[in-house]
2 protein chains.
Amino acid sequence: MSKYLLPRLNALDPYVPGEQPQDRRYVKLNTNESPFPPSPRVLAALDAQTVGSLNLYPDPLARTLRETIAAEYGLSSENVFVGNGSDEVLGFAFMAYADETRGATIPDVSYGFYRVYAQLYRVTPTIVPLNADFSMPVEGFLAQQQLVALANPNAPTSLALGLAQLERIIAGNANSVVLIDEAYIDFGGETCLPLLAKYPNLLIVRTYSKSRSLAGGRLGYALASPEIIDDLHRVKNSFHPYSINTLTMLAGIEAMRDHAYFDTCVSAICAQREQSKQALRALGFRVLDSATNFLFAAPPNMDGKAYYEKLKARGILVRYLSQPTLLDYVRISVGSAAQMQALLDATTAILQEDTP
Amino acid sequence: MSKYLLPRLNALDPYVPGEQPQDRRYVKLNTNESPFPPSPRVLAALDAQTVGSLNLYPDPLARTLRETIAAEYGLSSENVFVGNGSDEVLGFAFMAYADETRGATIPDVSYGFYRVYAQLYRVTPTIVPLNADFSMPVEGFLAQQQLVALANPNAPTSLALGLAQLERIIAGNANSVVLIDEAYIDFGGETCLPLLAKYPNLLIVRTYSKSRSLAGGRLGYALASPEIIDDLHRVKNSFHPYSINTLTMLAGIEAMRDHAYFDTCVSAICAQREQSKQALRALGFRVLDSATNFLFAAPPNMDGKAYYEKLKARGILVRYLSQPTLLDYVRISVGSAAQMQALLDATTAILQEDTP
């Protein structure tokens, strides 16, 4: 850090992404990527002509991409904002709606970046603890008079709130934006989409990184009232008007249009999730019922970090959690059948090793 | 705009990117893109295997790309930061070094985004007017005790400061960061690179959008002391750790490595620039000597906006400038020989039309 950095930013505690070690090849089950490549239509779109035209700026309004996403959900492109990953969308939303004068209400346990944005933008967040069973306490999010942000399904718990409960939160904050981060919604839970027409304060954020197999392409989007989308464009155009590159834009269009491929991948991941959940439970794990592409799982007779370390030694990466209420658990991304079998084999060996 | 937007952001006056009209095909000389496609090595790198692995997150540290850039300039990767276009790099730099407690000094006439970042981050900028001949008054940038940001060569004037003058500014602000935006440096002027080892407060920002033919790929970078690079990483990791997508990262590596192609393109653009400058002068234009890939040119007998409109009616886009001191001028990107011939033909016709 330099002596020039604003003192306020000295204290920043940046988000720590899941580890991406370069030392050896791991079975990567730590960052909730899809085990499947993107739609073959993505490859077809990124042809020589497209690459050859990279000397030209992309459309700063990302019109075709936004129209494609809008059509998918029965909306107008005025309801759609696209960002360089959903992180950027979340970052712009926090920038637009929260600062030291107007705070943000977030769950104690959720996507770690909400706290980081709060720090960056001088927000003193209102932190709502989860219930003991890791469910989201709806009452804690009502009548906040400030930005409310939560993930549904939530991470790393993998649990979803029902639509009626979500509507209570959205209706209960008519004077402020309620941001529902639906990064994992394609794998389970109920989307807030049907509420969009009714609630101008609802902001849904989604990502191509999970169900659309495009984590490497960096693409996220927001669905909301035209007024909220306009806010996000104002902030974006004050920061980075050309935030989506040409290749990612085309990839996003094709990945959204290929319904058959999307359905196949999501179904396979959900089926694998259920199978792995049962297998882990059979080995003595506590595993929550997951509405996502990961499992929130507590191994028997050891804490999450110990299990993580033993798996890593065997070439398998999962994510352990350092928050006090989560120490028993790890977050395991649902990978391919082969990857999940490798996890189970390693786990069986680890449990046997530990038995005297 | 929604009623939820922070009142402070209501007043934002976002940057207006060069127009990207969809109504017809134009000869686009308005956004300083390269007329040449990116290096053929870029296309070769974006193969089926790469696209097929987009389900995985990119390296958040962009190690190989940063090492490639560092090697190009005889630096270490600790001296290199990469961003989603130089706009993002500039945005992070303003976020790191300026706010309502510590301002920023910028030229009256330069890249328009500096003022926008100032607004976004609550900075009251110190604005230094250019000299009457559009040159940069060095004295105005000394002993500022706050962020100093300027483009060299400058836009839209196309003029460069000499290295001795730049060093006066950098040495004259030992207690604050001096950001030199070298977006156009490959086309002329003297880079501040030789000063990097001497001045820990020097921050050089560059882009792949001009000389590397990758405006559509969105890639910019910073060269600076490890401490400044660390600041930029702190801010980035509090906003968007995976800001560079996998495809752009690979494109950036190959475009940097292909020296022969780079030299060929830059030489061709500079030769075309000189030829077009002479031709416009022969038609009665005032044209400044350009160290960039554009010409700052004042047509005879009409203002910049009138000339812009007449060109647009003939299918050619240039950029007119609305700042009071620039009304006589337009900014014309140096395109291909055919594009520049089209510009000259249209201009000749426009001038004849206007002669009674």
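The model shown is predicted, which means the values in this text are computed figures rather than measured ones.

**A word on the overall build of chain A**
Thinking step 1. The helix and strand inventory of chain A stands at twelve helices and 13 strands.
Thinking step 2. Taken over C-alpha atoms, the radius of gyration comes to 21 Å for chain A, in line with the 21 Å a tight globule of 356 residues would show.
Thinking step 3. Buried residues in chain A amount to 55% of all 356 residues.
Thinking step 4. Sequence-distant contacts, at least 24 apart, represent 70% of the contacts inside chain A between residues at least 6 apart.

**Description of the sheet that holds strand E5 (residues 147-151) of chain B**
Neighbouring strands of a sheet are bound in pairs by backbone hydrogen bonds; such pairs are parallel or else antiparallel.
Residue and element names in this part refer to chain B.
Thinking step 1. Strand order in the open sheet formed by seven strands is E2-E8-E7-E6-E5-E3-E4, and the pairing between neighbours is mixed. Two strands bound the open sheet, and with one partner strand each, they are strand E2 (80-83) and strand E4 (126-128). On average, adjacent strands in this sheet sit at an angle of 20° to one another, irrespective of strand direction.
Thinking step 2. With two bridges joining them, strand E3 (residues 104-107) and E5 adopt parallel strand pairing. Following the sheet pairing, Ala-104 is matched in E5 by Leu-147.

**Some points on helix H5 (residues 85-97) of chain B**
Thinking step 1. Look at H5(B): 19 Å from first C-alpha to last across 13 residues, which is about the 18 Å you get at 1.5 Å a residue.
Thinking step 2. In terms of residue burial, H5(B) counts as a mostly covered element, since 13 of its 13 residues are buried.

**Focus: the relation of the copies chain B and chain A**
Look at the two chain copies: a rotation about an axis and a shift along it is all it takes to match them.
Thinking step 1. The two copies are related by a screw motion: chain B maps onto chain A through a turn of 180° and a shift of 0.0 Å along the axis, at an RMSD of 0.0 Å. Such a turn and shift between the copies fits a two-fold axis.
Thinking step 2. Both copies contact each other with a shared surface, as 100% of the interface residues of chain B are interface residues in chain A too.

**Some thoughts on helix H9 (residues 246-257) of chain B**
Thinking step 1. Along its twelve residues, H9(B) runs 17 Å from first to last C-alpha, staying within 8% of the 16 Å computed at 1.5 Å per residue.
Thinking step 2. Of all twelve residues in H9(B), eleven are buried, a share of seventy percent or more.
Thinking step 3. By the burial criterion, the buried members of H9(B) are B:Thr246, B:Leu247, B:Thr248, B:Met249, B:Leu250, B:Ala251, B:Gly252, B:Ile253, B:Glu254, B:Ala255 and B:Met256.
Thinking step 4. Check the buried side of H9(B) and you find it contacts helix H9 (246-257) of chain A together with helix H2 (40-45), helix H3 (48-52) and helix H4 (63-72) of chain B.

**So, the nonpolar core**
Thinking step 1. In this structure, A:Leu203, A:Ala222, B:Leu203 and B:Ala222 are the most contacted members of the largest nonpolar core, which totals 230 residues.
Thinking step 2. Not counting chain neighbours up to four residues away, the residues in contact with B:Ala222 comprise B:Phe81, B:Val89, B:Leu203, B:Ile204, B:Val205, B:Ile229 and B:Leu232.

**Regarding the domain arrangement of chain A**
All names here are of chain A.
Thinking step 1. Domain boundaries in chain A define domain 1 (7-37 + 260-354) and domain 2 (40-258).
Thinking step 2. Of note, the centres of domain 1 and domain 2, computed from C-alpha atoms alone, are 24 Å apart.
Thinking step 3. Facing 29 residues of domain 1, the contacting portion of domain 2 comprises 25 residues.
Thinking step 4. Only helix H10 (259-282) and strand E10 (294-298) provide two or more residues apiece to the side of domain 1 that touches domain 2.
Thinking step 5. Top contributing element to the side of domain 1 that touches domain 2 by residue count: H10, with seven residues.
Thinking step 6. When its residues are assigned to classes, the side of domain 1 that touches domain 2 shows 19 nonpolar, seven polar and three charged.

**Examining the pairing of strand E2 (residues 80-83) of chain A**
Residue and element names in this part refer to chain A.
Thinking step 1. A two-sided burial pattern is seen for E2, the buried positions comprising Val-80 and Val-82 on one face and Phe-81 and Gly-83 on the other.
Thinking step 2. Looking at chain direction, E2 and strand E8 (residues 220-224) are connected through four bridges and run antiparallel. Across the sheet, residue Gly-83 finds its bridge partner in E8, namely Gly-220.

Rules used in this analysis
- Residues numbered from 1 in each chain as written.
- Chains lettered and ligands numbered in written order.
- Predicted model: local features only at pLDDT ≥ 70, side-chain atom pairs only at ≥ 80, totals over all residues.
- Helix = DSSP H or I, 4+ residues; strand = E, 2+ residues; numbered from the N terminus.
- Rg over C-alpha atoms; globule rule 2.2 N^0.38 Å.
- Buried ≥ 20, exposed ≤ 12 C-beta atoms within 10 Å, placed from the backbone.
- Contact = placed C-beta atoms within 7 Å.
- Pairing = 2+ DSSP bridges.
- Axes fitted to C-alpha atoms, helices over the stretch in contact; angles between N-to-C directions.
- Expected span 1.5 Å × (residues − 1).
- Least-squares fit on C-alpha atoms with pLDDT ≥ 70 in both.
- Core = buried A, V, L, I, M, F, W, Y, C linked by C-beta atoms within 7 Å.
- Domains from an automatic or database assignment.
- Nonpolar A, V, L, I, M, F, W, Y, C, P; charged D, E, K, R; others polar.

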